[in-house]
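Topology and contacts: notes
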There are 2 protein chains.
Amino acid sequence: MMADITPVLERADANLPNSLDRLFDLVRIKSISTDPAFKAECRKAAEWLVTELNALGFTASVRETPGHPMVVAHHVGATANAPHVLFYGHYDVQPVDPLNLWDAPPFEPAIKEIEPGRKVISGRGTSDDKGQLMTFLEAVRAYKEIHDALPCRITILFEGEEESGSPSLKPFLQANAAELKADYALVCDTSMWDSETPAISAGLRGLVGEEIVITAADRDLHSGYFGGAAANPIHILTDILAGLHDDTGRVTLENFYDGVEETPAQIKAAWDTLGQTAEKFLGQIGLSIPSGEKGRSVLELTWARPTAEVNGITGGYTGEGFKTVIAAQASAKVSFRLVGHQDPAKIREAFRAYARSKVPADCSVEFHPHGGSPAIHLPYDSPLLNTAKMALSDEWPKPAVVIGMGGSIPIVGDFQRMLGIESLLVGFGLSDDRIHSPNEKYELMSFHKGIRSWIRILDALAA
Amino acid sequence: MMADITPVLERADANLPNSLDRLFDLVRIKSISTDPAFKAECRKAAEWLVTELNALGFTASVRETPGHPMVVAHHVGATANAPHVLFYGHYDVQPVDPLNLWDAPPFEPAIKEIEPGRKVISGRGTSDDKGQLMTFLEAVRAYKEIHDALPCRITILFEGEEESGSPSLKPFLQANAAELKADYALVCDTSMWDSETPAISAGLRGLVGEEIVITAADRDLHSGYFGGAAANPIHILTDILAGLHDDTGRVTLENFYDGVEETPAQIKAAWDTLGQTAEKFLGQIGLSIPSGEKGRSVLELTWARPTAEVNGITGGYTGEGFKTVIAAQASAKVSFRLVGHQDPAKIREAFRAYARSKVPADCSVEFHPHGGSPAIHLPYDSPLLNTAKMALSDEWPKPAVVIGMGGSIPIVGDFQRMLGIESLLVGFGLSDDRIHSPNEKYELMSFHKGIRSWIRILDALAA
């Protein structure tokens, strides 16, 4: 631990107007990674970050990839044995269509008071992820201005392709593993539990994606002529898909639950204090009754339980009106969310074996894999997690909670597999930030207390 | 019965070259009803037929509809108490795309010898339905030329919208029911069993079409965030559809089989003599194992048993690649082929009640009806059917067979409901005529013996 952090926190407070100016500068750069028209803007954002980082005393550079460039920066710690953290964020943003739904131009950031005492920063990327990554840079700035040193050795990695599937990330990690290797990674691309409760995401479900295509006859058939005698691939497919769950909502694949552990009682108890209910969680999307495994809370279902989900299905005539056709083919996209130590390869094989067993001998089935990654889990009792939890709890009105995440953040798995390091997922977004949608915003409170949170976390990690 | 028909048959034989010329004239008219560019050609075909019919002594006229015109013609019978038949055919044809797959221009008919002794008439509409309707006109011509009279009183109805769903037919029948009413209808738009065996289609399955739309959440969801807790409408839909059949292939809807009678043993025995097998029937489409109800022949399954068939299904992401979405909606088009006295309204209601019982309380289901018509059946022991059967058996190498038809021919139901008359379905097409496809043809034998067949049938009906 360095000296008292109070002056650092005060400096962050005093810096806030200038911190916002810098964030606004970054937001004004139209770094939409999916649209080739904005290629130069993506590079401009990377260069802007390099300039900022170099000014902060980092050794920073733009690093080429086949796509948009990476930014890599290094800074020593205050002591030789200070912990080494790798901070990750992304400077690219989502497209802005439909433009007519924005209340103000997406790349002209502004502060708005949306209700008495509640101010937000509006603009594309303010929450995802420019505002978030800038909380870390401004925390670093306050440290440097007060102590001319940093409590941890810091490596920074910013990518510019997160919104387009990160095609260059794995090769880049592989090629630069030695340079990027740290004690652990800090990933700032997630949300708080609510506006008063910070959150650390400790579990990320894995994912197996699989496309299944059933072929019956060698052409589309007239259902009058052949109906009743010819196999209908939609029937075969719906039979397979309907059989994936039993009456209690459990997935029926053989050995599917191998490696799935029950959530510890104290974690479940902590989740219960969050006040989440099926009515609240599902009410926001017009539903009320939990689907899936019976007798489990919605938090457990989405954070700690595996699923089998049909994400798309098509077959036969789907246009206006009606055609009495028996299709030659029908297909579906199926995904499995994984938890614990479920093995993606075994789950995929179990699905294929099950599906094959349901296909008549004169029909055929094809499978197309669409990605597979195991669940990732920071142990609930990890020191890293507990340290961050206490630091966050000091900053915010309510104690930090350790939550699960139903989705997958591939970078976390990549860091684990390719650099051999665990990630701490801390972010200050709120669920209503409208990331990926018109009128994206970031709470001014998120930005301000986010900066202060990183000051506390860096301090605690150095202890 | 009029005098001996031998001279009439001989006259038909002698007329054949001129009969073909007349058919060629009609085929050259590009009466594609679905394409507005061919509107004038459709009228030209109607006018051509009126001219021919008037020349044959009919009182014929073009009759306007909101779409393409009808042709109606009347001719008295040889005696006052001669039976009155209504002959139906259609002068419109299918589009010709893809044109590059035709061996010759589709509207330039020609005679080709495709194997030694086997000649065909090539061109769009030669089989469907210009060649077929001309068999009847040429039969009439031979009678007129020999006897200057017809054995039956004949009303003719040709429509020009059969290939585009016959939108004007019902209103026309309704408005002209008194004029079109006859003792029975002769419909010439079907096929033979094989090139040696004429067929009378005695049973037509009915049809209930139904679209089902399941709605769960009020928007598409991310399967990471909500998966495991939020209802997935594709799961609900596949569960409903998979439950439509039991393990024996029977449809599970309540009271579904009410009104379904077992096919009489002697009819089944007659079908058995046709030599149809699952391997042959399904082999033509790359399949081999009968689907549907276990323990029944493919002829029984397609001619005499009801079905539930999913004709189309869609939901979620169906494009390239993968999206981990939980859809807000999923929908399917479902049809039921009906036999015997199954009631379309009751079947529809049974499906809806069953589906509703499977939809969770916080999700919703909508239904959109797409037509419903009961099965139609000429009693296997009807005198009309037996008369025609004997007349056909006299003409062809093998005795005529009474077959079922898996599909629906709406006109037959319309005649029954709106004119109160039964239809006799006799046609001389073959299953390889490629109707609706490039290189449509009609066997020269079908045309020639088709003319002779109608001479015999008219004679037998008059007896």
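Owing to the predicted nature of the structure, the values given are computational and were not obtained by experimental measurement.

Calculation notes
Residues numbered from 1 in each chain as written. Chains lettered and ligands numbered in written order. Predicted model: local features only at pLDDT ≥ 70, side-chain atom pairs only at ≥ 80, totals over all residues. Heavy atoms only, no water. Helix = DSSP H or I, 4+ residues; strand = E, 2+ residues; numbered from the N terminus. Rg over C-alpha atoms; globule rule 2.2 N^0.38 Å. Areas by Shrake-Rupley, 256 points an atom, 1.4 Å probe, with all protein chains shown as cover. Lys, Arg positive; Asp, Glu negative; His and termini not counted. Charge placed at Lys NZ, Arg CZ, Asp CG, Glu CD. Domains from an automatic or database assignment. Salt bridge = Lys/Arg side-chain N within 4 Å of Asp/Glu carboxyl O. Buried < 20%, exposed > 50% of the residue type's maximum accessible area, 1.4 Å probe, protein only. Contact = heavy atoms within 4.5 Å. Buried area = accessible area lost by both parts, 1.4 Å probe. Polar contact = N/O pair within 3.5 Å; in protein donor to acceptor, adjacent residues only side chain to side chain. Pairing = 2+ DSSP bridges. Least-squares fit on C-alpha atoms with pLDDT ≥ 70 in both. Core = buried A, V, L, I, M, F, W, Y, C linked by side-chain atoms within 4.5 Å. Axes fitted to C-alpha atoms, helices over the stretch in contact; angles between N-to-C directions.

Bringing the overall build of chain A into the picture now. A count of helical and extended segments in chain A gives 14 helices and 18 strands. Compactness check: chain A gives a C-alpha radius of gyration of 25 Å against a globular reference of 23 Å for 463 residues, within 12% of the reference. Across its three principal axes, chain A shows a C-alpha extent of roughly 85 × 50 × 50 Å. Accessible surface, chain A: about 17,800 Å² in total, of which carbon and sulfur atoms supply 52%. Positive and negative side-chain charges of chain A, numbering 42 and 61 respectively, have mean locations separated by a distance of 1 Å.

Segmenting chain A into domains produces domain 1 (6–204 + 376–462) and domain 2 (206–260 + 306–373). Distance between the C-alpha centres of domain 1 of chain A and domain 2 of chain A: 40 Å.

Below, the discussion takes up the pattern of salt bridges. Residues and elements named next belong to chain A. A complete count under the given rule lists 70 salt bridges over all chains for this structure. Residue arginine 118 is joined to glutamate 443 by a salt bridge in which the shortest nitrogen-to-oxygen separation is 2.6 Å. With arginine 118 in strand β5 (residues 118–122) and glutamate 443 in strand β18 (residues 441–443), this pair connects stretches of sequence that are 325 residues apart. Taking relative accessible area as the criterion, glutamate 443 reaches 6% and is therefore assigned buried. Within this structure, Arg250, Glu262, Lys268, Glu293, Arg296, Glu300 and Arg305 form a network of salt bridges that share partners.

Let us look at the interface of chain B and chain A. Each side of the interface is counted separately: chain B has 72 residues, and chain A has 72 residues. Carbon and sulfur atoms make up 60% of the area that chain B and chain A hide from each other, which totals about 5,400 Å². Remark: the boundary between chain B and chain A carries zero salt bridges. On inspection of chain B and its partner chain A, the count reaches 34 residue pairs in polar contact (both at pLDDT 80 or more). Examining the composition of the side of chain B that touches chain A, we find that 10 residues originate from one element, strand β11 (residues 307–316) of chain B, more than from any other. Alignment of strand β11 (residues 307–316) of chain A against β11(B), held across five bridges, turns out to be antiparallel. Of the residues in β11(B), the one forming a bridge with A:Thr314 is B:Thr314.

A word on the relation of the copies chain B and chain A. Of the transformation superimposing chain B on chain A, the axial component is 0.0 Å and the angular component is 180°, with the fit at an RMSD of 0.2 Å. Accordingly, the operation relating the two chain copies is best matched by a two-fold axis. Both copies share a contact surface, since 100% of the interface residues of chain B are interface residues in chain A too.

Here we take up the nonpolar core. Most often, soluble globular proteins keep nonpolar side chains buried together rather than apart. Counting residues in each nonpolar core, the largest one holds 93 residues, and the members touching the most others are A:Ile212, A:Phe336, B:Ile212 and B:Phe336. The residues touching A:Ile212, leaving out its near neighbours within four places in the chain, are A:Leu237, A:Ile240, A:Ala330, A:Ser331, A:Ala332, A:Val334, A:Phe351, A:Ala355, A:Val365, A:Glu366 and A:Phe367.

Residues and elements named next belong to chain B. The antiparallel open sheet is built from three strands, whose spatial order is β4-β5-β18. Only two strands of the sheet have a single partner each, and these edge strands are β4 (110–115) and β18 (441–443). Going across the sheet, the axis of each strand differs from the next one's by a mean of 40°, ignoring polarity. In the sheet, strand β5 (residues 118–122) pairs with β18 via three bridges, with the strands oriented antiparallel. Its bridge partner being in β18, isoleucine 121 is matched across the sheet by tyrosine 442. Packed onto the sheet, helix α14 (residues 444–462) meets β4, β5 and β18 and runs at close to 55° relative to β18.

All names here are of chain B. The buried fraction of strand β6 (residues 153–159) amounts to six of the seven residues, a majority that puts the element mostly inside the structure. Pairing of strand β2 (residues 70–75) with β6, which is carried by five bridges, proceeds in the antiparallel orientation. Following the sheet pairing, valine 71 is matched in β6 by phenylalanine 158. Relative to β6, strand β3 (residues 84–90) is paired through seven bridges, and the arrangement is parallel. Residue pairing for β6: histidine 84 is matched across the bridge by arginine 153.

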